[in-house]
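Structural description and commentary
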Amino acid sequence: MSRLNAIRGMNDILPEATPRWQQLENTLRSLMQRYGYSEIRLPVVEPTALFKRAIGEVTDIVEKEMYSFEDRSGEPITLRPEGTAGCVRACLEHGLTHNQSPKLWYTGPMFRYERPQKGRYRQFHQFGVETFGQAGPDMDAELILLTARLWQELGLAESVSLEINSLGELESRAQFRKALVTYLEQFRTQLDDDSQRRLTTNPLRILDSKDRGTQDILKGAPVLSDFLDEDSKQHFSDLCQLLDACGISYRVNSNLVRGLDYYNKTVFEWVTTDLGSQGTVCAGGRYDGLVEQLGGQATPAVGFAIGLERLVLLLEALKPEPAPAMADVFVMAMTPAAVTTVMSLAETLRQGLPTTRIVYNCGGGSFKSQLRKADKSGAQLALLIGDDELAQQQVSIKWLRGDQQEQQCVDLAQALPTLQLVFKRGDEL
Ligand code: ATP
Ligand code: MG
């Protein structure tokens with residue numbers, strides 16, 4: 001039979017890698033608790049119309065990256081390419097923004113039909129935060145502060161840097177767009193193909209172009225900040241002041257526009273030079289118009305999303321993790337006759353030592369091979385019962401680490417109190 005493989009760009013995260021993911025997820029969860037944010041869990045599929053309306057018809061995501069299909073009843077549905085649209089949809093559906101200003105977080109897989117490469121996959125994971133009801137720059141600042149704290153706690157503070165910009169309001173952006181198009185039209189044929197196409201569809205995205213020639217042309221282009229409305233200017237300078245006061249360094253990047261239509265005022269990215277061209281690990285901004293655009297009452301909002309694969313890549317490059325210990329105690333039956341006694345001993349120990357990892361070696365084996373497994377498990381000690389121990393109703397304790405390599409024998413009933421003494425400190429943690 002031929003073998004079936006995973007879909008291109010959709011990765012298995014193997015047991016050797018999951019400890020790193022779990023550590024990252026735990027850090028994120030506890031950080032959110034400390035800042036007073038609540039978790040929301042959202043469906044992985046949504047109506048296609050939701051993303052078209054939220055993200056914008058002429059964005060990269062909607063034009064060419066969505067996994068869209070019809071379900072069995074002909075409903076157009078899409079595997080979510082990002083979390084904001086679904087989060088806003090859920091808030092409206094359940095009245096979460098009604099007289100409340102929720103601060104929410106979520107994490108999970110997102111799907112985009114992109115060319116798979118390092119740091120870019122077709123199924124990837126985001127951790128996202130969305131906050132509603134706060135129009136002031138203190139909200140924008142808090143999001144940036146909590147991401148800065150995250151890098152610090154992950155040991156990545158030196159690896160990433162912050163870029164911020166203001167897109168202004170829709171009207172100021174429209175004026176800028178006009179000026180930009182007028183300017184770029186003069187150089188139409190010298191622009192790269194994508195940018196030529198964007199000139200009519202989404203000209204702001206041209207600012208993002210990596211093409212050398214286009215970048216050179218852009219050097220003489222009008223600058224968005226010259227078109228900003230007073231309110232946006234004030235908001236941005238207040239934000240900068242807050243960041244300065246809290247000791248956050250940043251670079252104002254006037255070409256930072258982000259790929260989604262719904263942003264206004266603040267946009268920001270945390271970037272790294274350690275991941276090649278997939279350098280953005282966290283991206284976000286304000287989207288004060290989106291709630292209304294999706295049928296709700298006008299509600300200011302600001303959020304961000306982190307690409308978890310890119311963080312994991314950064315963490316791995318920084319400090320390759322040794323294989324973590326899987327067990328504290330490794331329990332083995334040296335004879336088939338001892339299996340019942342050993343399994344029930346293991347359960348007694350788990351009952352009395354709820355935070356100690358007690359691993360039972362299924363399938364038995366020779367003394368040598370079982371001991372090799374015990375050693376590999378990283379356990380502090382092995383418990384074993386053979387014919388002799390069984391006859392005496394005893395258990396042998398073999399120390400596996402440190403200088404105490406010796407073996408001792410205790411009565412079965414003494415096994416739990418003995419281990420409780422050994423692991424007391426661990427249980428209190
Ligand atoms: P990029 O410019 O790298 O394509 P984007 O602007 O499309 O990013 P967002 O939609 O803002 O990205 O998503 C937020 C974050 O999610 C990104 O900064 C990145 O870390 C991560 N991300 C986006 N697309 C992918 C992908 N295909 N694979 C892995 N991570 C991704
Ligand atoms: Mg993209």
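Residues numbered from 1 in each chain as written. Chains lettered and ligands numbered in written order. Predicted model: local features only at pLDDT ≥ 70, side-chain atom pairs only at ≥ 80, totals over all residues. Heavy atoms only, no water.

**Overview of the overall build of the protein chain**
Using the following cut-off: Here a strand is any run of E in DSSP of at least two residues, a helix any run of H or I of at least four, and the numbering for each starts at the N terminus. We call two residues in contact when some of their heavy atoms are within 4.5 Å. Throughout, the Shrake-Rupley method with a 1.4 Å probe supplies accessible areas, and for residues the shown protein chains are the sole cover considered. A residue counts as positive if it is Lys or Arg and as negative if it is Asp or Glu; His and the chain ends are not included. Here the site of a charge means atom NZ of a Lys, CZ of an Arg, CG of an Asp or CD of a Glu.
Of the regular secondary structure elements, the protein chain holds 15 helices and 16 strands. Across its three principal directions, the C-alpha atoms of the protein chain cover 95 × 60 × 45 Å. Contacts in the protein chain between residues far apart in sequence, at least 24 positions, make up 70% of those at least 6 positions apart. As presented, the protein chain carries roughly 21800 Å² of accessible surface, and 50% of it is formed by carbon and sulfur atoms. Of note, the protein chain has its 46 positive side-chain charges centred 4 Å away from the centre of its 56 negative side-chain charges.

**Observations concerning the packing of helix α1 (residues 18–35) against helix α11 (residues 308–318)**
Selection criterion: The convention used is that axes are lines fitted to C-alpha atoms, helices contributing only their stretch in contact, and that angles between N-to-C directions extend from 0 to 180 degrees. Should an angle lie under 35 degrees it is considered roughly parallel, over 145 roughly antiparallel, and from 65 to 115 roughly perpendicular; all remaining angles are considered oblique. Two helices that cross are described as forming a left-handed crossing if the nearer one is turned anticlockwise from the farther one by less than a right angle, and a right-handed crossing if clockwise. Note on residue categories: nonpolar means Ala, Val, Leu, Ile, Met, Phe, Trp, Tyr, Cys or Pro, charged means Asp, Glu, Lys or Arg, and polar means any other residue, Gly included.
At a minimum axis distance of 11 Å, the contact between α1 and α11 shows a crossing angle of 115°. On the basis of the axis angle, α1 is roughly perpendicular to α11. Crossing geometry of α1 relative to α11 is assigned as right-handed. Residues Arg-20, Trp-21, Leu-24 and Leu-28 of α1 touch α11, and the partners they reach there are Leu-308, Glu-309, Leu-311, Val-312, Leu-315 and Glu-316. Across the contact of α1 with α11, the residue classes break down as 7 nonpolar, no polar and 3 charged.

**Describing the site of ligand 1**
Rules: We call a residue near a molecule or strand as soon as one heavy atom of that residue lies within 4 Å of the molecule or strand. Identification of polar contacts relies on pairs of N or O atoms within 3.5 Å, with a donor-acceptor requirement for protein atoms, meaning one able to donate a hydrogen and the other able to accept it, and with residues adjacent in sequence counted only if both atoms are side-chain atoms.
Taken together, the neighbourhood of ligand 1 is formed by 15 residues, with Arg-112, Glu-114, Arg-120, Arg-258 and Thr-280 sitting nearest. Contacts to ligand 1 include Thr-280, whose backbone N or O atom sits 2.8 Å from an oxygen atom. Computed on the free molecule, ligand 1 has an accessible area of 580 Å², of which 88% lies beneath the protein chains in the complex. Among the elements of the structure, β6 (123–132), β10 (280–286) and β11 (301–307) are those that each provide at least two residues to the shell around ligand 1. Top contributing element to the shell around ligand 1 by residue count: β10, with 3 residues. The residue inventory of the shell around ligand 1, partitioned by class, reads 6 nonpolar, 4 polar and 5 charged.

**A word on the nonpolar core**
Rules: Throughout this description, the term nonpolar core refers to a set of buried Ala, Val, Leu, Ile, Met, Phe, Trp, Tyr and Cys residues connected via side-chain atoms within 4.5 Å. Think of it in three bands: residues with accessible area under 20% of the maximum for their type are buried, residues over 50% are exposed, and the middle band is partly exposed, with areas taken using a 1.4 Å probe on protein chains only.
Counting residues in hydrophobic clusters, the biggest one holds 44 residues, and the most contacted among them are Phe-132 and Leu-184. Elements that contribute at least two residues to this core include exactly α2 (48–55), α3 (60–65), α4 (84–93), β5 (103–111), β6, α6 (170–185), α8 (212–218) and α10 (290–293). In terms of residue count, α4 provides more of this core than any other element does, 5 residues in total. In this structure, Leu-184 is in contact with Leu-191, Leu-199, Ile-206, Ile-217 and Leu-218, ignoring residues within four places of it in sequence. Counting 40 residues, the second-largest nonpolar core is a separate cluster that includes Val-281, Leu-308, Leu-311 and Leu-314.

**What to know about unusual backbone geometry**
For Asn-99, which is not a glycine, the phi torsion comes out positive at approximately 55°. Inspection of the secondary structure puts Asn-99 in the loop between α4 and β5. One non-glycine residue with positive phi stands out, namely Gln-393, at about 55°. Structurally, the position occupied by Gln-393 is in the loop between α14 (387–392) and β15 (394–399).

**Observations concerning the environment of Thr-341**
With respect to the secondary-structure elements, Thr-341 resides in helix α12 (residues 339–352). With 311 residues separating them along the chain, Thr-341 and Ser-30 place their C-alpha atoms 40 Å apart. Not counting the four nearest positions on each side in its chain, Thr-341 is found in contact with Ile-385, Leu-390 and Leu-412.

**Side note on the side chain of Arg-173**
Mapped onto the elements of the fold, Arg-173 is located in helix α6. On the basis of relative accessibility, which here comes to 11%, the residue Arg-173 falls in the buried class. Once residues lying within four places of it in the same chain are set aside, the contact partners of Arg-173 are Leu-167, Gly-168, Leu-204, Asp-261, Tyr-263 and Asn-264.

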